[in-house]
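What the coordinates show
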Amino acid sequence: MASNAATRRLDGAVALITGATGGIGRATAARFVDEGARVVLADLDAEALSDLAAAFGPSAAWICADVTEEEQNRAAVALALERWSRIDIGVLNAGIEGRVAAIDELAPADFDRVIAVNVRGVFLGLAQLLPALRRGGGGAITITSSTAGLRGAAGLAAYTASKHAVIGLMKSAALEGAPHNIRVNTVNPAPVETRMMRSIEAGARPDDPDGAKTKFLTGIPLKRYGRPEEIAALIAFLSSDEASFCTGGIYTADGGTMAG
Ligand code: NAI
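Analysis parameters
- Residues numbered from 1 in each chain as written.
- Predicted model: local features only at pLDDT ≥ 70, side-chain atom pairs only at ≥ 80, totals over all residues.
- Heavy atoms only, no water.
- Axes fitted to C-alpha atoms, helices over the stretch in contact; angles between N-to-C directions.
- Helix = DSSP H or I, 4+ residues; strand = E, 2+ residues; numbered from the N terminus.
- Parallel < 35°, antiparallel > 145°, perpendicular 65-115°, else oblique.
- Left-handed = near helix turned anticlockwise from the far one by under 90°.
- Contact = heavy atoms within 4.5 Å.
- Near = heavy atom within 4 Å.
- Polar contact = N/O pair within 3.5 Å; in protein donor to acceptor, adjacent residues only side chain to side chain.
- Areas by Shrake-Rupley, 256 points an atom, 1.4 Å probe, with all protein chains shown as cover.
- Nonpolar A, V, L, I, M, F, W, Y, C, P; charged D, E, K, R; others polar.
- Domains from an automatic or database assignment.
- Pairing = 2+ DSSP bridges.
- Buried < 20%, exposed > 50% of the residue type's maximum accessible area, 1.4 Å probe, protein only.
- pLDDT = per-residue confidence, 0-100.
- Right-handed = clockwise from strand over helix to strand, strands pointing away.
- Salt bridge = Lys/Arg side-chain N within 4 Å of Asp/Glu carboxyl O.

1. Details of the packing of helix α4 (residues 108-135) against helix α5 (residues 157-177)
What describes two packed helices is the angle between their axes and the distance between those same axes. Interhelical geometry of α4 versus α5 gives an angle of 15 degrees and a closest axis separation of 8 Å. In terms of axis orientation, α4 runs roughly parallel to α5. Viewed along their axes, α4 and α5 form a crossing whose handedness is right-handed. The residues of α5 that touch α4, namely those facing F111, V114, I115, N118, V119, V122, F123, L126 and L130, are A158, Y159, A161, S162, K163, A165, V166, L169 and A173.

So this is what it looks like as structure tokens:
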């Protein structure tokens, strides 16, 4: 898992990463460890978590934690404090895309599930992280929103609503955190090469997922999806002291998508 990070900006820091075994979460964990951080990996699948933590060695701990459950968010933060007696960074990244369907074809239960994971999950994560960071004298929290948090996407109304909503949570958390030296920001990627985009492509055009991808690419000036490592690099910057004046901000990594 080791690579040649140019810097070790996160030396000594302890970070909680949710959605840690997914595409962006995994790349973020690897980048954080490269930069000297210790990481608590939180996600749903014990085997995937244990394999990933093993690859990082003593720099990683893991916990099965469903972000929609208050107690499991509490346990994730508690693990960092038990293991390393501190917590400095949160990456609230767990998310689901939900079913691709028009609003009038989306079951209310499907809508509720996306909001539960993507919005309630972030709220519960913030509610545990903010007091813990306050007690430690400050820190940084990054929430994974999306370009779907900045504009609509046909067939993904619940997802777009959820990604807009976390920008509101981020802004309020940034204001509440600022007096305590806690910075809170969102990253807003355009499509990234992960399981999630493959699922959205298949949902948009079950008969021709490659055709769906070709259509999505027409909206991205750089004409490609992002790589998870490119999002991880932005999250690492925002989590580090190099971003010491950055809070309450929306940071796109989108190949120019929102410029158009
Ligand atoms: P992914 O599907 O590879 O990773 C998502 C992870 O979240 C998975 O490991 C999954 O197990 C975990 N997760 C889902 N529900 C959970 C729950 N209730 N509790 C704990 N963990 C849970 O997808 P990806 O792309 O890595 O997504 C990460 C974040 O980035 C998500 O919030 C997503 O909405 C966002 N994003 C992704 C983009 C993309 O094109 N892949 C673009 C913009 C934003």
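2. Some remarks on the site of the ligand
Close to the ligand lie 29 residues; I24, D43, Y159, V192 and T194 are nearest. Here an oxygen atom of the ligand sits 2.6 Å away from a polar atom, N or O, in the side chain of D43. Considered on its own, the ligand offers 830 Å² of accessible surface; in the complex 93% of this is hidden by protein. Mapped onto the shell around the ligand, the elements with two or more residues apiece are α1 (23-34), α4, α5 and α6 (195-204). Of the residues forming the shell around the ligand, the biggest block, three residues, is contributed by α6. Taken together, the residues of the shell around the ligand sort by class into 14 nonpolar, 10 polar and five charged. Taken together, domain 1 (14-189 + 227-252) and domain 2 (192-225) each give at least three residues to the shell around the ligand, which thus spans both.

3. Re the sheet that holds strand β5 (residues 139-144)
One open sheet holds the seven strands; their spatial order is β3-β2-β1-β4-β5-β6-β7, and the pairing between them is parallel. Every interior strand has two partners, whereas the edge strands, β3 (60-64) and β7 (250-253), have only one. Put simply, the sheet's adjacent strands are angled 20 degrees from each other on average, direction ignored. Relative to β3, strand β2 (residues 38-43) runs parallel, the two sharing five bridges. By the bridge assignment for β3, D43 is matched with C64. Sitting on the sheet, α1 is in contact with β1 (14-18), β2 and β4 (89-92), with an inclination near 170 degrees to β1.

4. Focus on unusual backbone geometry
A positive phi angle, close to 60 degrees, is found at S85, a residue other than glycine. Relative to the assigned elements, S85 resides in the loop between α3 (70-84) and β4. The phi dihedral of N181 falls on the positive side, at around 65 degrees, and the residue is not glycine. With respect to the secondary-structure elements, N181 resides in the loop between α5 and β6 (182-189). Overall, N181 belongs to the exposed group, its relative accessible area being 52%.

5. A short note on the confidence of the model for the protein chain
With 98% of its residues at a pLDDT of 70 or more, the protein chain has an overall mean of 97. The ipTM for the predicted assembly is 0.99, set against a pTM of 0.97.

6. Observations regarding the pairing of β2
The element β2 is largely enclosed, with a buried count of five among its six residues. On the question of chirality, the crossover connecting β1 to the parallel β2 by way of α1 is right-handed. At this point the chain moves from β2, through helix α2 (residues 46-56), to the parallel β3, and the crossover so formed is right-handed.

7. Thoughts on the pattern of salt bridges
Counting across every chain of the model gives 13 salt bridges. Residue E242 is joined to R9 by a salt bridge in which the shortest nitrogen-to-oxygen separation is 2.9 Å. Highlighted residues: E242 in the loop between α8 (228-239) and β7 and R9 in the segment before β1, separated in sequence by 233 residues. Residue E242 is classed as exposed on the basis of its relative accessible area, which comes to 52%. For E230, the salt bridge identified is with R227, shortest N-O distance 3.2 Å. When its relative accessible area of 44% is taken as the criterion, R227 is described as partly exposed. Each member of the salt-bridge network shares a partner with another, and the members are R9, R31, E35 and E242.

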